[in-house]
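Chains, contacts and geometry: an overview
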Amino acid sequence: MIQISDLCFGYNLKKDLFSNLNLDIHPGQIHGLLGLNGAGKSSLLHLIQGLRFCDTGSISVFGQNPQSRSVPLLRESFLLAEEIYAPNMSMKKFVDRFAPFYPKFSLESFLKFLNEFELAHNSHLAKLSMGQKKKALIAFGLATNTNLLMMDEPTNGLDIPSKKQFRKILAHIINENRIYIISTHQIRDLHSLIDNVIVINDGKIIFNHTINDICKNLHFSLAPQESNHSNIIYQERVPGGYLKIKNANGRTSFEPDLEVLFNAIMTVNDSIKHAFQQHSNL
Amino acid sequence: MNSFLSRVNLLILNEIRLKSTIYLLLVAISFIFLVFNFWGSDSPLFQTLDTLFSLQNSNFIQQNNAAHKFHLVWFPRVLIISSSIFTSLSFTEYHPNNIANFHLSLPATKMEKWVSKVILSVIIFPLVFVVLYQLFALTSYKWNTDLVRLGISDPYLWKYFKDTIFLQCVIMLAAIAYKKYSIFKAILALAVVYVLYNFIELVSFKIFREDIAFVWNGNIPGITSLVDFIDQAGYLINSSFLESHAGIQPNKLLPYIALISLYLSYLKYTEIES
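An account of the accompanying structure is given in this report. (Residues numbered from 1 in each chain as written. Chains lettered and ligands numbered in written order. Predicted model: local features only at pLDDT ≥ 70, side-chain atom pairs only at ≥ 80, totals over all residues. Heavy atoms only, no water.)

Moving on, we get to the overall build of chain A. Assigned secondary structure in chain A consists of nine helices and 12 strands. In chain A, which comprises 282 residues, the share counted as buried stands at 56%. A separation of at least 24 residues holds for 66% of the contacts in chain A among residues at least 6 apart in sequence. Carbon and sulfur atoms provide 47% of the accessible area of chain A, an area that totals close to 12800 Å². (Helix = DSSP H or I, 4+ residues; strand = E, 2+ residues; numbered from the N terminus. Buried < 20%, exposed > 50% of the residue type's maximum accessible area, 1.4 Å probe, protein only. Contact = heavy atoms within 4.5 Å. Areas by Shrake-Rupley, 256 points an atom, 1.4 Å probe, with all protein chains shown as cover.)

See below:
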């Protein structure tokens, strides 16, 4: 479990990126970390990994302070950064050199993931395209079998079949002990995968709900026309008409559109909050 | 992979493999320079370098032959310069963020990562350089027995080695503290320490050794005369050493500066963020 309490952090003294940010992240789920550019998604991942140090407040990852960068903790966490590191060596050598640091690394899984991504084990990392490098590093990260896996924009640069493969692999390897956090702009690539939606804005977590909760509290429907009805929280033009978000009032949506939800949170967050509060008061 | 030593060992091997190109290039350039110096010390290039480093006027060099100059002057200088360049590149992987993220996240303690850097830059590189020099000196000695060389048991050789190690500790601190031009900043910092040290010694001698005369009229010196003034102090302290030894300028403070630098470099390393 990850517990973040009253976290304050900034890159300069004048303005805090995070001010008193609180967040609990539970295992057994794939968490989607969403936010506008510069909202601090990558910085939050870096803080959880211990690559950045918080100014005040505390972060606890599996009961340990990530700032210590202790071996037991680092063995259980892997961060796949947006700008990946692909040294000038073959994938085989890369694994030989770095896999021994991760005791739960599975060469069998790594080869299986490479195969699914249609990459050869002896490919030279520096000679691969950006998307292929990313796939190689995703395969390595997944094969480390760490209990915490964080990925910053993992689908950037991946082609459509690779995105599909990525979703398929991730859906199969999540278990009740693991925490996967995926920071992304491309919500549509991963909407079917995410169990919990976390939205960060203005240095705070403004939304943190599971897909189940979202389905219980909000109703998503597609209509051909725009409507001014008072029960509509938010509506947005999408291909095929207008996607409307309403208070669920007992109805259940089967597949919320996370991109439209994100836009709604950024536009009418108070109304969204109100819908969730109404349901919890019932 | 459960012990300190096994992780340090793997980190050193990884570092050698990742930096093998720069490692080999530095050693190769240094030895090409030394070999050219060995056979072409009369060439205009080396004559100019000798003039630049004031070796032409050195009593030591004038009294001895070119081989002395090669083994006692150029070898230690090339050893120090190449080791310093290598050490200054120790933390290059911590500057681009994507590489830093990966290395900082590797499951090894901060101490293990730092120790692996120190062993490689401060000990292994100079040691490999000395071993290669020994091979070269041994070969050249077999061709011409008139030449002198620094044998494996020669105290000068190990003095050069020791001074190189001390200097690498300072460069190590600069390498971790500065992202750019760390080697130049380290040299500048050492120069400031050296000047201050000589100045303090000059003042101490002025107070405690009245038998040593200084040519100073009591006026505040200008920049040129200030340098002369401070040099004079260094010369007085080190003159006996310089007469017998033209290689490395001795500095009594260097071991202490090295230890402090090493400790500070560890503290600085623990604070590295991506």
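All names here are of chain A. One open sheet accounts for three strands, arranged E10-E12-E11; its pairing is antiparallel. Since the sheet does not close on itself, it has two edges, and those belong to strand E10 (218-223) and strand E11 (232-238), each with one partner. When the angles between neighbouring strand axes are averaged without regard to direction, this sheet yields 20 degrees. (Pairing = 2+ DSSP bridges. Axes fitted to C-alpha atoms, helices over the stretch in contact; angles between N-to-C directions.)

Residue and element names in this part refer to chain B. The space that makes up the second largest pocket amounts to roughly 250 Å³. Lining the second largest pocket are 13 residues, with His 95, Ile 176, Lys 179, Ile 272 and Glu 273 positioned closest to its centre. A per-class count over the lining of the second largest pocket returns five nonpolar, three polar and five charged. (1 Å grid on protein atoms, 1.4 Å probe; cavity = no way out; pocket = protein on both sides within 12 Å on 5 of 7 lines; lining within 4 Å. Points joined across faces, edges and corners; volume = space filled by probe spheres on them. Nonpolar A, V, L, I, M, F, W, Y, C, P; charged D, E, K, R; others polar.)

This next bit is on the environment of Ile123(B). Residue and element names in this part refer to chain B. Mapped onto the fold, Ile 123 is located in helix H7 (residues 110-143). The sequence separation of Ile 123 and Gln 168 amounts to 45 residues, and the corresponding C-alpha distance is 8.9 Å. Sequence-distant contacts of Ile 123, that is, excluding residues within four places in its chain, are made with Val 118 and Phe 161.

To continue, consider the packing of aromatic side chains. All names here are of chain B. As enumerated under the stated definition, the model contains 21 aromatic pairs over all chains in all. Look at Phe 31 and Phe 129: their rings are 4.9 Å apart centre to centre, the planes differ by 45 degrees, and that puts the pair in the tilted class. Of this pair, Phe 31 sits in helix H2 (residues 20-39) while Phe 129 sits in helix H7, and the two are 98 residues apart along the sequence. Phe 129 carries the same exposure label as Phe 31, and that label is buried. Their ring planes at 45 degrees and their centres at 6.0 Å tell us that Phe 91 and Tyr 269 sit as a pair that is tilted. (Phe/Tyr/Trp six-rings, centres within 6.5 Å; stacked < 30°, edge-to-face > 60°.)

The next point concerns unusual backbone geometry. All names here are of chain A. Its identity is not glycine, yet Asp 6 carries a phi of approximately 50 degrees, on the positive side. Counting through the fold element by element, Asp 6 comes out in strand E1 (residues 2-9). On the basis of relative accessible area, Asp 6 is assigned to the partly exposed category, the value being 41%. In this model, Glu 118 sits at a positive phi of 60 degrees, which is unusual for a non-glycine residue. Checked against the element boundaries, Glu 118 lands in the loop between helix H4 (107-116) and helix H5 (130-143).

When a protein is soluble and globular, its nonpolar side chains tend to lie buried together. One finds Leu44(A) and Ile181(A) to be the most contacted residues of the largest nonpolar core, which totals 79 residues. With 14 residues, helix H8 (residues 155-177) of chain B is the single largest residue contributor to this core. Not counting residues up to four positions away in its chain, the partners in contact with Ile181(A) are Ile2(A), Ile25(A), His31(A), Leu33(A), Leu45(A), Ile48(A), Leu148(A), Leu149(A), Met150(A) and Met151(A). Grouped together as the second largest cluster of nonpolar side chains are 71 residues, Ile84(A), Phe105(A), Leu170(A) and Ile272(A) included. (Core = buried A, V, L, I, M, F, W, Y, C linked by side-chain atoms within 4.5 Å.)

This part covers the state of the cysteines. All names here are of chain A. Summed over the entire model, instances satisfying the criterion amount to zero disulfides over all chains. You can see Cys 8 has no disulfide; the closest cysteine sulfur is in Cys 54, sitting 8.8 Å from it. According to the relative accessible area criterion, Cys 54 is buried, its value standing at 15%. (Disulfide = S-S within 2.5 Å.)

Between chain B and chain A, the residue contacts involve 27 residues of the former and 24 residues of the latter. Across the chain B/chain A interface, buried area totals approximately 2500 Å², and carbon plus sulfur atoms make up 61% of it. For chain B, the biggest contributors to the area lost against chain A are Phe102(B), Pro107(B) and Glu273(B); these three give 25% of the whole. If you look at where chain B meets chain A, you find zero salt bridges. The tally of links between chain B and chain A comes to four residue pairs in polar contact (both at pLDDT 80 or more). Listed by contribution, the elements that provide at least two residues to the side of chain B that touches chain A are helix H1 (4-18), helix H6 (97-105) and H7 of chain B. It is H6(B) that contributes the most residues to the side of chain B that touches chain A, seven residues altogether. (Buried area = accessible area lost by both parts, 1.4 Å probe. Salt bridge = Lys/Arg side-chain N within 4 Å of Asp/Glu carboxyl O. Polar contact = N/O pair within 3.5 Å; in protein donor to acceptor, adjacent residues only side chain to side chain.)

Looking now at the sheet that holds strand E4 (residues 56-61) of chain A. Residues and elements named next belong to chain A. Reading across from one edge, E2-E1-E4 is the order of the three strands in this open sheet, with antiparallel pairing throughout. Either end of the sheet is taken by a strand with one partner, and the two such strands are strand E2 (18-25) and E4. When the angles between neighbouring strand axes are averaged without regard to direction, this sheet yields 15 degrees. With five bridges joining them, E1 and E4 adopt antiparallel strand pairing. Within E4, the residue paired with Cys 8 across the bridge is Thr 56. Sheet strands in contact with helix H1 (residues 41-49) are E1, E2 and E4, and its direction is about 120 degrees off that of E1.

Under the defined criterion, the tally for this structure stands at six salt bridges over all chains. A salt bridge links Asp96(A) to Lys92(A); its shortest N-O distance comes to 3.7 Å. One end of the pair is Asp96(A) and the other is Lys92(A), both in helix H3 (residues 91-98) and four residues apart, which spans about a single turn. Between Arg7(B) and Glu112(B) there is a salt bridge; the shortest N-O distance is 2.8 Å. Taken together, the positions of Arg7(B) in helix H1 and Glu112(B) in helix H7 put the pair 105 residues apart, joining distant regions of the chain.

Further remarks concern the packing of H5(A) against helix H6 (residues 160-173) of chain A. Residues and elements named next belong to chain A. The geometry of H5 relative to H6 is characterised by a closest axis approach of 12 Å and an angle of 5 degrees between their N-to-C directions. With respect to H6, the element H5 is oriented roughly parallel. Counted together, Lys 135, Ile 138 and Leu 142 of H5 and Ser 162, Phe 166, Ile 169, Leu 170 and Ile 173 of H6 form the full contact between these two elements. Of the residues in the contact of H5 with H6, the class split is six nonpolar, one polar and one charged. (Parallel < 35°, antiparallel > 145°, perpendicular 65-115°, else oblique.)

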